Amino acid sequence: MTNNWLSSLCIISAILIATSCTQTNTTSGTSPLSSITPTDTLATPATTSLLNRLYNGQKLLVGHQDDLSYGHTWYEIEGRSDMKEVCEIYPDICGWELGGLELGDTANLDNVGYNNMRRHMQEMHRLGGINTMTWHSYNIITGNNCWDVSVDGVVAAILPDGAKHAQYLRWLDRFADFVSTIKDDEGELIPLLFRPYHELIGSWFWWGRDLCTADEYKQLWRMTHNYLTQEKGLHNLLYVYSTSNFNDAPLFLERYPGDDVVDILGFDIYQYGDDLKQAQQEFLKQLKLQSDLLSAIAKEKNKPWAVCEAGLESCLLGDWFSELGKTIIPTDARYILFWRNAHDRDTHFYIPFDGHEAAPDFKKFVDATR
Ligand code: BMA
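The text that follows walks through the structure, step by step, so that each part is easy to find. Just so it is clear, the structure is predicted and the values come from calculations on it, not from any experiment.

**Digging into the packing of helix 9 (residues 276-301) against helix 10 (residues 320-328)**
Phase 1: Running from N to C, helix 9 and helix 10 cross one another at 25 degrees; their axes reach a closest spacing of 10 Å. As far as their axial angle goes, helix 10 and helix 9 are roughly parallel. The handedness of the crossing between helix 9 and helix 10 is right-handed. Touching Gln280, Leu284, Leu287, Lys288 and Ser291 of helix 9 are Trp320, Glu323, Thr327 and Ile328, all from helix 10.

Here it is, written out as structure tokens:
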């Protein structure tokens, strides 16, 4: 690198640091807005703007996985959305799953075709909505899906000295090839939230806590961020670090890969248990605990936070959403995303569909966020 380059870099860095501290008054004259910069210093303006939209968000956005692609008992029907059919609005955020893309598949592991996914992401963007992506990528050692935790050392094998490193970079190439086709009507890349290696405090995925060391996990994340931004030149991604349950800040931060590679903090949280009322109390208590912890961590790090996945399978309680709302709406969480309504499984749904008895309660919750 030449001296000229270095001094330009210093000037650019100084501008970026200054911008990240700038206080900009709103035109409405209500509360002052701040701006922050994405961890990808070459992020597109739309990507920076999306991060700041979340950072300065005043209301809780509501999301649903795969919402435009399918819902309870229907699959790829133009204009349909389980959320819209209950709440009269499309979700603010739609979640998408990329598992299988790395193998060259044309549809993901839940049978959403990538061409349809791209089209729906573009529709969401046109509606003013946000797209977020998870990646339940396959186990590169065994060839089975991501839930195969029969061998540890998968993360170690993917890292630069590992036997599977080169193959994993080809997987990241396929990821980048797809993401670089998600463009708006003007041909500009659509900004996307990317939430890889999620629920890492649990040990049900090959990147889970018992399957790799904290250092290996951090290296995996940093390698992915670095490869996609520097080598592949992808500048439309915001990186979301989302854990499973935790009871204290040290556990949430144990594998946190660094402020310079994470844009948004979050967690996934579900209600489990046969005694529904008791499980609901435990769920709400855990949600409150994690929200308080994350709100403080996010404030300290000057980053937005979100509930990246949530739900009670089959929506078995008529007050589940309104009770959830009492806990989450008053916080500074920027969004909550409910998991998918499978089209081919009777009981695998996480928001009520039209006619379901929990539908009025869900609508009440969504109305309270407006
Ligand atoms: C899980 C379930 C699975 C699905 C996976 C990835 O929680 O919904 O059926 O394959 O997420 O989307």
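**Considerations on helix 2 (residues 45-55)**
Phase 1: Among the residues of helix 2, Thr47, Leu50, Leu51 and Leu54 are the ones counted as buried. Take helix 2 and look down its axis: the buried residues cluster within an arc of 100 degrees, on one side only.
Phase 2: Elements that come into contact with the buried residues of helix 2 comprise strand 7 (130-134), strand 9 (237-243) and strand 10 (264-270).

**Things to note about helix 11 (residues 359-369)**
Phase 1: Residues Ala359, Asp361, Phe362, Phe365 and Val366 constitute the buried set of helix 11. For helix 11, the buried positions fall inside an angular range of 165 degrees around the axis, keeping them on one side.
Phase 2: The inward-facing, buried residues of helix 11 contact strand 3 (61-65), helix 3 (82-87) and helix 10.

**Quick notes on the site of the ligand**
Phase 1: Looking at the ligand, the residues that line it are Glu97, Leu109, Asp110, His136 and Arg340.
Phase 2: Of the residues in the shell around the ligand, the class split is one nonpolar, one polar and three charged.

Reading the values: the criteria
- Residues numbered from 1 in each chain as written.
- Predicted model: local features only at pLDDT ≥ 70, side-chain atom pairs only at ≥ 80, totals over all residues.
- Axes fitted to C-alpha atoms, helices over the stretch in contact; angles between N-to-C directions.
- Helix = DSSP H or I, 4+ residues; strand = E, 2+ residues; numbered from the N terminus.
- Parallel < 35°, antiparallel > 145°, perpendicular 65-115°, else oblique.
- Left-handed = near helix turned anticlockwise from the far one by under 90°.
- Contact = placed C-beta atoms within 7 Å.
- Buried ≥ 20, exposed ≤ 12 C-beta atoms within 10 Å, placed from the backbone.
- Arc of directions from axis to C-beta.
- Near = placed C-beta within 6 Å.
- Nonpolar A, V, L, I, M, F, W, Y, C, P; charged D, E, K, R; others polar.

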